[in-house]
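# What the coordinates show
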Amino acid sequence: MGFLTKLWAFHKVFIIILTPLLLLPLPLLIKTKVAECAFTMFVIAIYWLTEAMPLAVTSLIPALFFPLFGILKSSEVASAYFKDFHLLLIGVICLATSIEKWNLHKRIALKLVILVGVNPGWLMLGFMVSSAFLSMWLSNTTTAAMVMPIVEAVIQQILNAEAEAHAMQMRRMSGTTNRGLQLDGTISQLYISTSENKSNRKGNTYLRYLNLKTLEKLQVEIPTTRGKYRSHKDHMMCKGLSLCIAYASTIGGLTTITGTSTNLIFAEQFNHFYPECQCINFGNWFIFCFPITLLILVLSWFWLHWVFLGSDFKALFHCKKEKSEREKAFAKIIADEYKNLGPLSYQEIVTLIIFILMALLWFTRDPGFIPGWSSLFPQYKGYATDATAALILGLLFFIIPANMPTKHSSDISYSTLITWKEFQSCMPWEICLLVGGGFALAEGTKVSGLSMWVGNQLTPLASLPVLATIVLSCLIVTTVTEVASNPATITIFLPILSPLAEAININPLYILIPTTLSTSFAFLLPVANPPNAIVFAYGHLKVMDMVKAGLGVNIIGILVVILAITTWGDPMFNLSQYPAWAPSSNITGS
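Residues numbered from 1 in each chain as written. Predicted model: local features only at pLDDT ≥ 70, side-chain atom pairs only at ≥ 80, totals over all residues. Heavy atoms only, no water.

### Details of the overall build of the protein chain
Of the regular secondary structure elements, the protein chain holds 28 helices and 3 strands. Expressed as a percentage of the 590 residues in the protein chain, the buried residues total 49%. For the protein chain, the computed accessible surface area is about 28500 Å², with 66% contributed by carbon and sulfur atoms. (Helix = DSSP H or I, 4+ residues; strand = E, 2+ residues; numbered from the N terminus. Buried < 20%, exposed > 50% of the residue type's maximum accessible area, 1.4 Å probe, protein only. Areas by Shrake-Rupley, 256 points an atom, 1.4 Å probe, with all protein chains shown as cover.)

Encoded structure:
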């Protein structure tokens, strides 16, 4: 076993070495550009799926192999690594950096929770709505990392406040105070009797000491872990509140093109494949995906509530004149957290104004149903993109002073809302290289003829109903994305699905949009995406908890996406007709 353990420690080295060696007969025996490009694609796909090397490092392989195989010149490959996408990402990260630096995300999250109420079910919905809203504009990982500490603090306060309320209730029931439990006249220790099964108290009752004096210290220094809950109900509440953050952070990202890297990769690659199509922009993507996000979010909330909090949904809508002690404790915790933020600061106001302006510029650039602001420059049609708006406002964060001078201020130093160092710490350079590698790979498949060859092989699928093909594609990418990163999955499948759509004579958007959205449905495993891993690290969940809950959310997501693409998606993107901007679908074997 010791030898096998040592051998396994180097399994990534074996994958890196053996993968190209085992695939080498492909270019050596067939000796065509298609085979050489397929060899490159297989090597990259295996490295991405196994993460034998960092994703960003693997993304540089096209820059090495394509010039050696004579598919693309080195300068041509290099030009594919930096696109309009990267400029858009820079502007968005400037905004995200300022939001995180000045704690605007906490204010938004807590305010939304205050609005929906303090019942555990409503509390879950409040955190889901706030996380989903933030992930529309920030990365899913950033959202989960920012909101989960707030949720954990609330969980700790709830458990401790409830324990204290229970102890006080027991003292009131006894009517006396046992002085023998007092130590040094300052610390009171109470025995709290709890039971997992009320029908068998003797077999399941256990005693636990509760130090009332040190509750406040415990809630900061000692996080709750499995096995240290007052009851099964409390444990289930912790699981539900944790998972709702991971899932909502992913679901919210579907809504906007900038919300998640998979959407950005799709938009840029789609424009690369079909440059004559100007049918995907920030506005119509938001209009199409917002109902999808809303439906998935609400249905997922019902599902998580049923799994972790029970099926008594009537209690959510039962109005009571007097709140319970537990509900009062919840309300106080959230209110105190919000109060600690203080009044809206100058930095938060400026960030919020830029945030709103950026969203408005994205929406109004070319909304489709009315002329946008880009129509003010008819002689430069298509020159201005969403990246233009993002950069205009993103650069303001490096210009606007972080602190305005006052009459009583002696500090006259000039500092901006964000610094370059802070921007660099938030900028996902790995995603930049990963996307660039995808662009290079897509260009190589086009030039070598691999995409045309794949289309020819997929023509038998034309005999299947279109809906069956779409469902099958969604299921495949949803399965793969559980074990591979979402950006890697979409980058692998886009060059395959585009020729598939052309081969079976359907609008490419009909298959690319649902599969792009399905790529984000990585809800089953802690390693499936970063939000899952962040939430799992807090210790409230087991893997099977995530699998059980995630399977339901996966099914909900796919069904809602299929509903959307076959109903309001059809008239929005004219999906029922093969478009003029796509290549001729009369693909032959010649």
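### Points about the packing of helix α18 (residues 346–364) against helix α19 (residues 386–394)
With their axes 9 Å apart at the nearest point, α18 and α19 run at an angle of 160 degrees to one another. On the basis of their axis angle, the class for α18 and α19 is roughly antiparallel. The element α18 and its partner α19 pack so that their crossing is right-handed. Residues I354, L357, M358, L361 and W362 of α18 form the contact with α19, whose participating residues are D386, A389, A390, L393 and G394. Each residue belonging to the contact of α18 with α19 can be placed in one class, and the counts come to 8 nonpolar, 1 polar and 1 charged. (Axes fitted to C-alpha atoms, helices over the stretch in contact; angles between N-to-C directions. Parallel < 35°, antiparallel > 145°, perpendicular 65-115°, else oblique. Left-handed = near helix turned anticlockwise from the far one by under 90°. Contact = heavy atoms within 4.5 Å. Nonpolar A, V, L, I, M, F, W, Y, C, P; charged D, E, K, R; others polar.)

### Observations concerning the pattern of salt bridges
Where charged atoms from two side chains of opposite charge approach closely, those side chains can pair. Taken as a whole and judged by the stated rule, the model has 4 salt bridges. The salt bridge involving K33 is made with E36; its shortest N-O contact spans 3.8 Å. In this pair, K33 and E36 are both assigned in helix α4 (residues 33–50), 3 residues apart and thus about one turn of the helix distant. Look at K33 and you get partly exposed, because its relative accessible area is 38%. (Salt bridge = Lys/Arg side-chain N within 4 Å of Asp/Glu carboxyl O.)

### A short note on the state of the cysteines
A full pass over the atoms with the stated rule returns 1 disulfide. Paired through a disulfide, C277 and C279 show a sulfur-sulfur distance of 2.1 Å. No disulfide involves C426; its sulfur sits 9.8 Å from that of C94, the nearest cysteine. Here C426 falls in the partly exposed class, since its relative accessible area comes to 26%. (Disulfide = S-S within 2.5 Å.)

### Examining the packing of helix α10 (residues 120–135) against helix α14 (residues 232–253)
Two elements in contact, α10 and α14, have axes whose closest approach is 7 Å; the angle formed by their N-to-C orientations is 30 degrees. Taken together, the axes of α10 and α14 lie roughly parallel to each other. Between α10 and α14 the crossing geometry is right-handed. Side by side, α10 and α14 meet where P120, L123, M124, F127, M128, S131, A132 and S135 of the first sit next to G240, L241, C244, I245, A248, S249, G252 and G253 of the second. Looking at the contact of α10 with α14, its residues break down into 10 nonpolar, 6 polar and no charged.

### A look at the nonpolar core
Judged by nonpolar contacts, the single largest core of 151 residues is most densely connected at F127, Y247 and I513. With 12 residues, helix α16 (residues 282–309) is the largest single contributor of residues to this core. Residue contacts for I513: discarding those within four places in its chain leaves F266, I280, W285, F288, I565 and F573. (Core = buried A, V, L, I, M, F, W, Y, C linked by side-chain atoms within 4.5 Å.)

### Notes on the environment of L524
In this fold, L524 is placed in the loop between α25 (508–519) and α26 (530–536). Along the backbone, L524 and E482 are 42 residues apart, and their C-alpha atoms lie at a distance of 6.8 Å. Leaving out residues up to four positions away in the same chain, L524 has contacts with E482, N532, V543, M546, V547, G550, L551 and N554.

### Observations regarding unusual backbone geometry
Positive phi, normally seen in glycine, also occurs at K31, with a value near 55 degrees. Within the secondary structure layout, K31 lies in the loop between α3 (25–30) and α4. Using a relative accessible area of 65% as the deciding quantity, one classes K31 as exposed. With a phi close to 65 degrees, N103 is a non-glycine residue in the positive phi region. Examined against the element boundaries, N103 turns out to sit in the loop between α8 (84–101) and α9 (104–116). By relative accessible area, N103 is classed as partly exposed at 29%.

### Examining the packing of aromatic side chains
What the rule picks out here adds up to 21 aromatic pairs. Aromatic side chains Y274 and W581 sit 5.2 Å apart centroid to centroid with 65 degrees between the ring planes, which places their arrangement in the edge-to-face category. With Y274 in the loop between α15 (261–273) and α16 and W581 in the segment after α28 (569–573), this residue pair connects regions lying 307 residues apart in the sequence. Since its relative accessible area comes to 19%, W581 is described here as buried. (Phe/Tyr/Trp six-rings, centres within 6.5 Å; stacked < 30°, edge-to-face > 60°.)

### A short note on the side chain of T351
Mapped onto the secondary structure, T351 falls in helix α18. On the accessibility criterion, T351 (0% relative accessible area) is buried. Each residue touching T351, except ones within four places of it in the same chain, is listed here: L95, S98, I99, W102, L104 and F397.

### Here we look at the confidence of the model for the protein chain
When pLDDT is averaged across the protein chain, the result is 77; 78% of the residues are at 70 or more. Per-residue pLDDT stays below 50 along residues 586–590; that stretch engages in 6 contacts with residues further than four places along the chain or on separate chains. (pLDDT = per-residue confidence, 0-100.)

### Points about the environment of W301
If you trace the backbone, W301 turns up in helix α16. Considered as a pair, W301 and V553 are 252 residues apart in the sequence and their alpha carbons are 9.3 Å apart.

### Observations concerning helix α24 (residues 486–503)
Taking 1.5 Å of rise per residue, the 18 residues of α24 would be expected to cover 26 Å, and the 25 Å separating its terminal C-alpha atoms lies within 8% of that figure. The largest bend along α24 reaches roughly 35 degrees and is located at L494, with the proline P495 sitting one to four residues downstream. Of all 18 residues in α24, 17 are buried, a share of seventy percent or more. Just downstream of α24 lies N505, where phi reads positive at about 65 degrees. (Expected span 1.5 Å × (residues − 1). Bend = angle between axes of the 7 residues up to and from the residue.)

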